[in-house]
Amino acid sequence: MRYRSQAVAYWYFAVAMLLFGLQLVFGLLSAAKYLGPDPLLYILPFDVTKMIHTNLLVVWVLTGFMGATYWMVPDESRTELYSVKLAYVQLALWVVMGVTAVIGYLFRFGTGNKLLEQPLPHKLVIVVVMLMFLWNVLMTIRKGGRFTATEGVLLLGLAGAAVLYLPSLLDFDNYTVSIFYRWWTIHLWVEGVWEMIQGGFLAYLLIRLSGADREVMEKWLYVIVGLVFIAGILGTAHHYYWVGVPHYWLPIGGLFSALEPLALVGMAMYAYAALRRSGLAHPNTLALHWTLGSAVFTLFGAGLLGLAHTWPGVNQWTHGTLVTAMHGHAAFYGAYAMIVMAMISYALPAFAPGRPEQGTALGYWAFWLQLVGMFGMTLSFATAGIAQVYLERIMGLGYLDAQLKIQVHFLMLMATAGLFTVGAGLFIWDFFRHAPRLQVLAEDEPATTAAAAAARVGAQRRPA
Ligand code: HEM
Ligand code: HEM
Ligand SMILES: [Fe+2]
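As the structure is a computational prediction, the values presented were derived from the model and not from experiment. (Residues numbered from 1 in each chain as written. Chains lettered and ligands numbered in written order. Predicted model: local features only at pLDDT ≥ 70, side-chain atom pairs only at ≥ 80, totals over all residues.)

## A few points about the overall build of the protein chain
The secondary structure content of the protein chain amounts to 15 helices and zero strands. For the protein chain, whose C-alpha radius of gyration is 22 Å, the value lies close to the compact-globule estimate of 23 Å for 464 residues. Across its three principal axes, the protein chain shows a C-alpha extent of roughly 70 × 45 × 40 Å. Of all 464 residues assigned to the protein chain, the portion counted as buried reaches 47%. Considering only contacts within the protein chain whose residues lie at least 6 apart along the sequence, 83% involve residues at least 24 apart. (Helix = DSSP H or I, 4+ residues; strand = E, 2+ residues; numbered from the N terminus. Rg over C-alpha atoms; globule rule 2.2 N^0.38 Å. Buried ≥ 20, exposed ≤ 12 C-beta atoms within 10 Å, placed from the backbone. Contact = placed C-beta atoms within 7 Å.)

Quick look at the structure:
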């Protein structure tokens, strides 16, 4: 840790890890219900467990983004955070909001708007938290007087995420209108501004982990992020096919969303090329696994599996089935869960000086078990979804009859989710097993010598 205030990130990461664990409990519960019988039917029905599962996902990923930003901005702007106190007040408010929202869901307090179920008071707290966060980050950059392009892209993404949350505050009686604006938040988050956040972290990590030149990395970052954004805006229309809007949205949605994977190919190539050309400049190869893993898994989950059902001719059959769950899991995990775990893995050795900089066997088990588990879960949802589409929408079987016939795929889902849960459990355990010793290390202290030396070698190799 070069700046004392970066310690704030540890507490954000700790909260994120706890919520990640809880998210999986509700995922397993939701999956178990597909296999029945369900003793919790009247206490915790599927709609509640799924809502808590997805809400916890969004909250822990956002907590991770905030922590990672508080870690990265002092590093980039070379200064302490503007206000550590504000950052902790923000975290406390955020946790109270999250905990009370989940308790509320258990008692059916929610708006019923998928992924945006938070009641209005909670939504208002979220807006206040975002404002506190952005203020703190902006003031830090102003104080430091150094503003990098990587930071700029990250900040644009974070500010965009805050602004695009605002449509979710509106309440419409008309279902079509309501769904129309819901996608301004959900789609433009995951296929627009959150991609900028991922891009910002990716560039930060690649610049530090590889010997890649900052100027080159930042130039490509602009191109990729620009591409995602241009295709993503009109790509929103791939959610407008069957919701009661005019027909012209069909070709618009099909065409522009089909262009989105291009940018994701660019992102994976960008990460790979940075490493191949510039080599390793940092001992933390575990963080590198997560970084490259995120770029590649995004291409698979969002790019390939998004493309698989984005064309109206396909989506008319697959819409709202387990095919969507297949893509939702792989995309969210690759792009956002993995980039948060990359930032955590990069920062972790600094939180407890006893940790080896290059990662531990436990850390690698956590990585590979999660990867294999999530790949298996994706295949389970895919096989279940394809069979569901065929039985229900082509053969005309009733919804529940089709569900009975595809139960076998849920056995595979449980098995692979089990592997995933062990991997995630190891990651969480690895995070908490060293008590934090949050102190600033001098450049030449033993624990950082290896990292500092490697970084210097990297710096020397850079062509001016
Ligand atoms: C990291 C990026 C992405 C993430 C995290 C993501 C995640 C999701 C999630 C969670 C849903 C379900 C939303 C809901 O029903 O409320 C969804 C739906 C969808 N996604 Fe993505 N996605 C990403 C990128 C893409 C891309 C690039 C494409 C197209 C090339 C795509 C195509 C689709 C389509 C067509 C649907 C609607 C499925 C349906 O009709 O049921 N996604 N995505
Ligand atoms: C133990 C591991 C997990 C299990 C067993 C699990 C299971 C499930 C189940 C059964 C659903 C409901 C599907 C439906 O609508 O029928 C679901 C939804 C969802 N899960 Fe998970 N999940 C797990 C982990 C994760 C992780 C790690 C992520 C992301 C990083 C994730 C993201 C999602 C999303 C975005 C949805 C909503 C999909 C949609 O709208 O169609 N899940 N999960
Ligand atoms: Fe979308």
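## As for the site of ligand 1
Lining the immediate surroundings of ligand 1 are 26 residues, of which Ala302, Gly306, Gly328, Ala331 and Ala335 lie closest. Elements supplying a minimum of two residues to the shell around ligand 1: helix 6 (175–209), helix 8 (249–278), helix 9 (285–307) and helix 11 (322–351). A per-element tally of the shell around ligand 1 places helix 11 first, with six residues. Considered class by class, the residues forming the shell around ligand 1 number nine nonpolar, 14 polar and three charged. (Near = placed C-beta within 6 Å. Nonpolar A, V, L, I, M, F, W, Y, C, P; charged D, E, K, R; others polar.)

## Digging into the packing of helix 1 (residues 7–35) against helix 3 (residues 84–106)
A pair of packed helices can be characterised by two numbers: the angle between their axes and the separation between those axes. Two numbers describe how helix 1 lies on helix 3: the axes approach to 10 Å, and their chain directions differ by 10°. By the criterion of interaxial angle, the relationship of helix 1 to helix 3 is roughly parallel. Of the residues in helix 3, those touching helix 1 at Val8, Trp11, Tyr12 and Val15 are Val84, Ala87, Tyr88, Leu91 and Val95. (Axes fitted to C-alpha atoms, helices over the stretch in contact; angles between N-to-C directions. Parallel < 35°, antiparallel > 145°, perpendicular 65-115°, else oblique.)

## A look at the nonpolar core
Ranked by internal contacts, the top residues of the largest apolar core, which has 131 residues, are Phe201, Leu206, Val340, Ala342 and Met343. With 23 residues, helix 11 is the largest single contributor of residues to this core. Sequence-distant contacts of phenylalanine 201, defined by excluding residues within four places in its chain, comprise Ala68, Leu154, Ile339, Ala342 and Met343. (Core = buried A, V, L, I, M, F, W, Y, C linked by C-beta atoms within 7 Å.)

## Digging into the site of ligand 2
The environment of ligand 2 is made up of 20 residues, and the closest members are Gly27, Ser30, Gly328, Tyr333 and Ala417. Elements represented by at least two residues in the shell around ligand 2 include exactly helix 1, helix 2 (46–77), helix 11 and helix 14 (407–432). The element best represented in the shell around ligand 2 is helix 11, accounting for eight residues.

## Section: the environment of alanine 212
As for its position among the elements, alanine 212 is in the loop between helix 6 and helix 7 (214–235). Look at alanine 212 and you get buried, because 24 C-beta atoms sit within 10 Å. In this structure the C-alpha to C-alpha distance between alanine 212 and isoleucine 179, which are 33 residues apart in sequence, comes to 43 Å.

## A look at the packing of helix 7 against helix 8
For the pair helix 7 and helix 8, the least separation of the axes is 7 Å and the interaxial angle reads 160°. Compared by their axis directions, helix 7 and helix 8 come out roughly antiparallel. At the point where helix 7 passes helix 8, the crossing takes the left-handed sense. Mapping the contact onto sequence places Met217, Trp220, Val223, Ile224, Leu227, Val228, Ala231, Gly232, Leu234 and Gly235 in helix 7 and Ile252, Gly253, Phe256, Ser257, Leu259, Glu260, Leu262, Ala263, Gly266, Met267, Tyr270 and Ala274 in helix 8. Residues of the contact of helix 7 with helix 8, tallied by class, amount to 16 nonpolar, five polar and one charged. (Left-handed = near helix turned anticlockwise from the far one by under 90°.)

## Describing the confidence of the model for the protein chain
In the predicted model, the protein chain carries a mean pLDDT of 93, and the fraction of residues at 70 or more is 95%. Overall, residues 443–464 carries pLDDT values under 50, and its contacts beyond four positions in sequence, including any with other chains, amount to 23 contacts. (pLDDT = per-residue confidence, 0-100.)

## Side note on helix 2
Its 32 residues give helix 2 an end-to-end C-alpha distance of 46 Å, which sits within 8% of 46 Å, the value for a rise of 1.5 Å per residue. Arginine 78 sits one or two residues past helix 2 and shows a positive phi near 55°. (Expected span 1.5 Å × (residues − 1).)

## As for helix 8
If you check helix 8, its first and last C-alpha atoms are 44 Å apart, about what 30 residues at 1.5 Å a residue would give, namely 44 Å. Against the buried residues of helix 8 lie helix 6, helix 7, helix 9 and helix 10 (312–318). Positioned one or two residues after helix 8, glycine 279 has a phi angle of 70°, which is positive.

## Concerning the environment of serine 380
Within the secondary structure, serine 380 sits in helix 12 (residues 361–394). The class of serine 380 is buried, set by 25 C-beta atoms lying within 10 Å. Once the C-alpha coordinates of serine 380 and leucine 413 are considered, the two residues, 33 residues apart in sequence, prove to be 5.3 Å apart. Among all residues touching serine 380, those that are not within four sequence positions of it are His409, Met412, Leu413 and Thr416.

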